[in-house]
Amino acid sequence: AAYLFVRVFENIFHWGRGMEERYLFTAQRGGKTILFTALADTGNHLTEPFSGLPMVVLEEAKGLALLTPEECCWLDSGMSAGEPPPGLRLAPYRTINGKGLLAALRPQSLRVRVGEQWIETDGYLALLPGEKGPEGCEGVFHPRMIQLAAEGAGKRKGGTIHAGS
């Protein structure tokens, strides 16, 4: 039964694809929507420290469209003007080049396109200041985010998988 489930899951969501795949995402917050492309990267294990939700690391320039003026001012200060405004959190990160803090926000809606379907997922956007994403992308995420969203959709009656659009 488990093998059958995995095979069906792979066929429906094309989960057997290799790394280096790019996925289209939408994020909505405060009546604003952004569209961006993110690279699936199993090396990205960044999670929001309090909820444990996964994070999409996104170019700051792309994510600014979702921020309030107060949040933008705080970022412009170099994240040094006191505590983050409500709606933003600090997320610690560590890479082979060092460690630091990223400003993170939780969009009201975060969707990823898998094949011809849009899947509602849950997570945060961590804003990467002054950096560009991988070539042809504005962000990076762990592909497990898609798998968790698909599993959650299958458990809910009606799910949140949207065909088309």
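Residues numbered from 1 in each chain as written. Predicted model: local features only at pLDDT ≥ 70, side-chain atom pairs only at ≥ 80, totals over all residues. Heavy atoms only, no water.

A closer look at the overall build of the protein
- Within the protein, the secondary structure is distributed over four helices and ten strands.
- Counting all 165 residues of the protein, 39% fall into the buried class.
- Of the contacts made within the protein by residues no fewer than 6 positions apart, 62% connect residues no fewer than 24 positions apart.
- If you sum the accessible surface of the protein, you get close to 9,200 Å²; carbon and sulfur atoms cover 55% of it. (Helix = DSSP H or I, 4+ residues; strand = E, 2+ residues; numbered from the N terminus. Buried < 20%, exposed > 50% of the residue type's maximum accessible area, 1.4 Å probe, protein only. Contact = heavy atoms within 4.5 Å. Areas by Shrake-Rupley, 256 points an atom, 1.4 Å probe, with all protein chains shown as cover.)

Remarks on the environment of T121
- Its location among the elements puts T121 in strand β7 (residues 117-121).
- Sequence separation of T121 and I146 is 25 residues, and the distance between their C-alpha atoms is 7.0 Å.
- Not counting residues within four places of it along the chain, the set of residues in contact with T121 comprises L110, M145 and A149.

As for the pairing of β7
- Taken together, the five bridges between strand β6 (residues 109-114) and β7 define a ladder with antiparallel strand orientation. Looking at β7, one finds that R113 is bridged to W118.
- Hairpin geometry of β6 and β7 is characterised by an intervening segment of two residues between the two adjacent antiparallel strands and by a positive phi of about 65° at G115. (Pairing = 2+ DSSP bridges.)

Quick notes on the nonpolar core
- Residues Y23, F25, F36, V56, L110, L125 and F141 are the most contacted members of the largest nonpolar core, which totals 27 residues.
- Counting only elements with at least two residues in this core, the list comes to β1 (22-29), β2 (32-40), β3 (55-59), α3 (69-76), β5 (98-105), β6, β8 (124-128) and α4 (144-155).
- In terms of nonpolar packing, the next biggest core, distinct from the first, is built from nine residues, M55, A91, L102 and A126 among them. (Core = buried A, V, L, I, M, F, W, Y, C linked by side-chain atoms within 4.5 Å.)

Some remarks on α3
- Turning to α3, its buried residues are E71, W74 and L75. Down the axis of α3, the sector holding all buried residues measures 100°, keeping them to one side. Away from its buried face by more than 90 degrees, α3 exposes P69, E70, C73 and D76.
- Residues of α3 that are buried make contact with β1, α2 (60-63), β4 (88-95), β5 and β8.
- Phi turns positive, to about 80°, at G78, one or two residues after α3. (Arc of directions from axis to C-beta.)

Functional significance is not addressed by these values, which are geometric in nature.
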